[in-house]
Amino acid sequence: IICKLNDFSKTLIFSPADMFANEEGGPEPDWVVTEREQFSDFRDLNKDGKMDKEEIQHWILPQDYDHALAEARHLVYESDVDKDQKLTKEEVLDNWNMFVGSQATNYGEDLTRNHDEL
């Protein structure tokens, strides 16, 4: 999504029309169609064809989204080999690179501490 500054109101405006210009007149690629649908269904909350400051803020930092929970679920999903919704020490160690790069483990710092659950 491209950012344009509207000099009259000094607000940021995002629009799907700014993403792709089809110079050949053929069909739009699937990714453009998907982005247009996402924009229309979820991002352009007031349905004016563009995203204002509040809509951009809601998109980037949604109030109803728990980032820590999403990251924890991602780590379990990617590392839980036996799919029992529990991580063993071996599963964590086998996927150490995933944990070291995660905010959920303070970028690996929490892995160096002793934990009873491990």
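Preceding this paragraph is the structure being described.
The rules behind each value
- Residues numbered from 1 in each chain as written.
- Predicted model: local features only at pLDDT ≥ 70, side-chain atom pairs only at ≥ 80, totals over all residues.
- Heavy atoms only, no water.
- Helix = DSSP H or I, 4+ residues; strand = E, 2+ residues; numbered from the N terminus.
- Buried < 20%, exposed > 50% of the residue type's maximum accessible area, 1.4 Å probe, protein only.
- Areas by Shrake-Rupley, 256 points an atom, 1.4 Å probe, with all protein chains shown as cover.
- Phe/Tyr/Trp six-rings, centres within 6.5 Å; stacked < 30°, edge-to-face > 60°.
- Lys NZ or Arg CZ within 6 Å of the ring centre and 35° of its normal.
- Lys, Arg positive; Asp, Glu negative; His and termini not counted.
- Salt bridge = Lys/Arg side-chain N within 4 Å of Asp/Glu carboxyl O.
- Polar contact = N/O pair within 3.5 Å; in protein donor to acceptor, adjacent residues only side chain to side chain.
- Patch = residues over 30% accessible without salt bridge, like charges linked within 9 Å, V, L, I, M, F, W, Y side chains within 5 Å.

Notes on the overall build of the protein
Now for step 1: Per the secondary structure count, the protein includes five helices and two strands.
Now for step 2: Element order for the protein, N to C, with α for helix and β for strand: β-β-α-α-α-α-α.
Now for step 3: Looking at the protein as a whole, 19% of its 118 residues qualify as buried.
Now for step 4: Surface accessibility of the protein: about 9,200 Å² in total, with carbon and sulfur atoms responsible for 53%.

A few points about the packing of aromatic side chains
Now for step 1: Applying the stated criterion to the full structure yields zero aromatic pairs.
Now for step 2: The ring of Y77 is capped by K83, whose NZ or CZ atom sits 4.9 Å from the centre of that ring.

Focus: the side chain of E91
Now for step 1: If you trace the backbone, E91 turns up in helix α4 (residues 89-94).
Now for step 2: As a buried residue without a salt bridge, E91 has its nearest oppositely charged side chain in K83, at a separation of 7.8 Å.
Now for step 3: Among the polar contacts made by the side chain of E91, one reaches the main-chain amide nitrogen of V81 at a distance of 3.0 Å.

Comments concerning the side chain of R43
Now for step 1: Its place among the elements puts R43 in helix α1 (residues 30-43).
Now for step 2: Given the relative accessible area of 12%, R43 is considered buried.

What about a nonpolar patch on the surface?
Now for step 1: On the surface, W59, I60 and L61 cluster together into a nonpolar patch covering about 310 Å² of accessible area.
Now for step 2: Within the secondary structure, I60 is located in helix α2 (residues 53-60).

Looking at the pattern of salt bridges
Now for step 1: Under the defined criterion, the tally for this structure stands at one salt bridge.
Now for step 2: E35 is paired through a salt bridge with R43; the nearest N and O atoms lie 2.9 Å apart.

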